[in-house]
Amino acid sequence: MPSKLKIQISGQGLHDITDLIRRELEQTNKAEGLCHLFIQHTSASLLIQENYDPTAKADLESWFNRLVPENDPLYTHTLEGPDDMPAHIKAALTSSSLVIPIMGGTLALGTWQGIFLWEHRYYCGDRNIILHISD
Amino acid sequence: MPSKLKIQISGQGLHDITDLIRRELEQTNKAEGLCHLFIQHTSASLLIQENYDPTAKADLESWFNRLVPENDPLYTHTLEGPDDMPAHIKAALTSSSLVIPIMGGTLALGTWQGIFLWEHRYYCGDRNIILHISD
Amino acid sequence: MPSKLKIQISGQGLHDITDLIRRELEQTNKAEGLCHLFIQHTSASLLIQENYDPTAKADLESWFNRLVPENDPLYTHTLEGPDDMPAHIKAALTSSSLVIPIMGGTLALGTWQGIFLWEHRYYCGDRNIILHISD
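The rules behind the values
Residues numbered from 1 in each chain as written. Chains lettered and ligands numbered in written order. Predicted model: local features only at pLDDT ≥ 70, side-chain atom pairs only at ≥ 80, totals over all residues. Helix = DSSP H or I, 4+ residues; strand = E, 2+ residues; numbered from the N terminus. Rg over C-alpha atoms; globule rule 2.2 N^0.38 Å. Buried ≥ 20, exposed ≤ 12 C-beta atoms within 10 Å, placed from the backbone. Pairing = 2+ DSSP bridges. Contact = placed C-beta atoms within 7 Å. Nonpolar A, V, L, I, M, F, W, Y, C, P; charged D, E, K, R; others polar. Least-squares fit on C-alpha atoms with pLDDT ≥ 70 in both. Axes fitted to C-alpha atoms, helices over the stretch in contact; angles between N-to-C directions. Parallel < 35°, antiparallel > 145°, perpendicular 65-115°, else oblique. Left-handed = near helix turned anticlockwise from the far one by under 90°.

Observations regarding the overall build of chain A
Secondary structure summary: chain A contains three helices and eight strands in total. Secondary structure of chain A in N-to-C order comes out as β-β-α-β-β-α-α-β-β-β-β. Its C-alpha atoms give chain A a radius of gyration of 16 Å, near enough to 14 Å, the size a compact globule of 135 residues would have. A total of 135 residues make up chain A; the buried ones form 44% of that total.

So, the sheet that holds strand β8 (residues 124–134) of chain A
All names here are of chain A. As summarised here, the arrangement of the five strands in space is β1-β8-β3-β5-β6, forming an open sheet in which the pairing is antiparallel. Single-partner strands in this sheet number two, and they are β1 (3–10) and β6 (106–107). Where strand β5 (residues 97–103) meets β6, two bridges bridge the pair, whose relative direction is antiparallel. Counterpart to Met 103 in the pairing with β6 is Thr 106.

Overview of the pairing of strand β8 (residues 124–134) of chain C
Residue and element names in this part refer to chain C. Sheet topology places strand β1 (residues 3–10) next to β8; eight bridges connect them, and they run antiparallel. By the bridge assignment for β8, Lys 4 is matched with Ile 130. In the sheet, strand β3 (residues 33–39) pairs with β8 via six bridges, with the strands oriented antiparallel. In the sheet register, Leu 34 faces β8, and the bridge partner there is Ser 134.

Concerning the interface of chain A and chain B
By a widely used convention, the size of an interface equals the accessible area lost when the partners come together. Listed as interface residues are 25 residues of chain A and, on the opposing side, 30 residues of chain B. Those elements that provide at least two residues to the side of chain A that touches chain B are β3 (33–39), α3 (84–93), β5 and β8 of chain A. Counting residues per element, the side of chain A that touches chain B draws most heavily on α3(A), which supplies five residues. The residue makeup of the side of chain A that touches chain B, split by class, is eleven nonpolar, 13 polar and one charged.

Description of the relation of the copies chain C and chain A
Note: a rotation about an axis with an accompanying shift along it relates these two copies of the chain. When chain C is fitted to chain A, the best match, at an RMSD of 0.0 Å, comes from turning it 120 degrees and sliding it 0.0 Å along the axis. Those values place the two copies in the arrangement expected of a three-fold rotation axis. The position closest to the rotation axis in chain C is occupied by the C-alpha of Leu93(C), lying 3.4 Å away. The two copies present different faces, since only 20% of the interface residues in chain C are matched by interface residues at the equivalent positions in chain A.

A short note on the interface of chain C and chain A
Counting from both sides, the interface comprises 25 residues of chain C and, opposite them, 30 residues of chain A. Secondary structure elements with two or more residues in the side of chain C that touches chain A: β3, α3 (84–93), β5 (97–103) and β8 of chain C. For the side of chain C that touches chain A, the element with the highest residue contribution is α3(C), accounting for five residues. Partitioning the side of chain C that touches chain A into residue classes produces eleven nonpolar, 13 polar and one charged.

Looking at the relation of the copies chain A and chain B
Superposition of chain A onto chain B requires a rotation of 120 degrees combined with a translation of 0.0 Å along the rotation axis, giving an RMSD of 0.0 Å. A distinct binding surface is used by each copy, with only 20% of the interface residues of chain A retained as interface residues in chain B.

Observations concerning the packing of helix α2 (residues 54–67) of chain A against α3(C)
Running from N to C, α2(A) and α3(C) point in directions that differ by 60 degrees, and their axes come no closer than 10 Å. As far as their axial angle goes, α3(C) and α2(A) are oblique. The two elements α2(A) and α3(C) cross, and the hand of that crossing is right-handed. Within the contact between the two elements, α2(A) uses Ala56(A), Asp59(A), Leu60(A) and Trp63(A) and α3(C) uses Met85(C), His88(C), Ile89(C) and Ala92(C). Across the contact of α2(A) with α3(C), the residue classes tally to six nonpolar, one polar and one charged.

What about the pairing of β5(A)?
Residue and element names in this part refer to chain A. Most of β5 sits out of view: six of its seven residues are buried. Here β3 runs beside β5; their pairing, made up of six bridges, is antiparallel. Each residue of the ladder has a partner; that of Gly 33, found in β5, is Ile 102. Once β5 ends, the chain turns through two residues before running back antiparallel as β6, passing Gly 104 with a positive phi of about 60 degrees.

Side note on the sheet that holds strand β4 (residues 44–50) of chain B
Residue and element names in this part refer to chain B. The strand order across the open sheet built from three strands is β2-β7-β4, with neighbouring strands paired in antiparallel fashion. Sheet topology places β2 (13–16) and β4 at the edges, where each strand pairs with a single neighbour. Averaged over all pairs of adjacent strands, the angle between strand axes in this sheet comes to 35 degrees, irrespective of strand direction. Alignment of β2 against strand β7 (residues 113–119), held across four bridges, turns out to be antiparallel. The residue of β7 that forms the bridge with Leu 14 is Trp 118. The sheet strands contacting helix α2 (residues 54–67) are β2 and β4, and the helix crosses β2 at an angle near 145 degrees.

Focus: unusual backbone geometry
The residue Asn71(A) is not glycine, and still its phi comes out positive at about 60 degrees. Positive phi, normally seen in glycine, also occurs at Asn29(B), with a value near 55 degrees. Looking at the element boundaries, Asn29(B) is found in the loop between α1 (18–26) and β3 (33–39). The exposed category is assigned to Asn29(B), around which 8 C-beta atoms lie within 10 Å.

Right, dumping it as structure tokens:
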């Protein structure tokens, strides 16, 4: 059955949630199957990326910030602040859901893969993720 | 069992298909699980985005049109018209499938999330989506 | 049960793995359901794209190479070579997983859709994909 996780966010950027998802999975005792994650927001997204070298994470954020800058004269959707429209575009360029296989009772991630919640706004507070384990 | 939906498209841009998918889901009486959507085309894609303020939708389309313009001298794949290669690139930057959790008999979308078929070509006609509900 | 496939890669670019996945699926005798693919790397991704005209594939690679060039002065993550940070960014812009419906015992791909492993590095060797078939 899908369950809702509230993730405490401390600002814009990539937040590593791998350990949190691993702990949730352990409680299910699922040996083989799939772990589905879905974020219920349009200005944050889910991403699998390198979790080893922090410079990779920093460069990824910088590159996206340059590609999708704030205050672009193209934007007409500006009422919610300069970080809002860039957030929607970054969310469209990435994804609102992830599917990760479960093997031997654990997430079958590669050696350098981590799961990230990518907060695209200047936001501190909760974000909702729906977790679902299936066969 | 997967079923095929034919979606009538009225031109390039983001088409809100949330209500259509909700109606399909209601017919299945599924209380908890996952709703999978897959588009059988390489010049259209599926996206979850804000469905409240139409300026967000318009800006998203404008931004992608500027990032991936027609008649780029880089293109060699030009036989099918100026909108064809940009359509393939936009499809690669977004996604051909979506997975949305089902909770309490309904799609567990966030307050501002809608499901969109993003038609990347100047196209009026049918597009095929495969819908599948799973546990 | 998820199973691991080792894919032999012969360098940077889009590698068509449609036939390989079809053969794996045939061995399962699955009539209806979903085929899940997950790549265990952060510098390669999975993509559904046109598999007919090779110029579409070439243009897609060229466009991404121009959008995400090597030796961008923005990069600080440079120790693993000039192709490493662009590879992470291209992986973030595409996807690490695919979900494709199965209908009538075969992948329900559209007429022009193929499944590609997109190698973003100058790499020759194995890449791991996890294949999982579900109801």
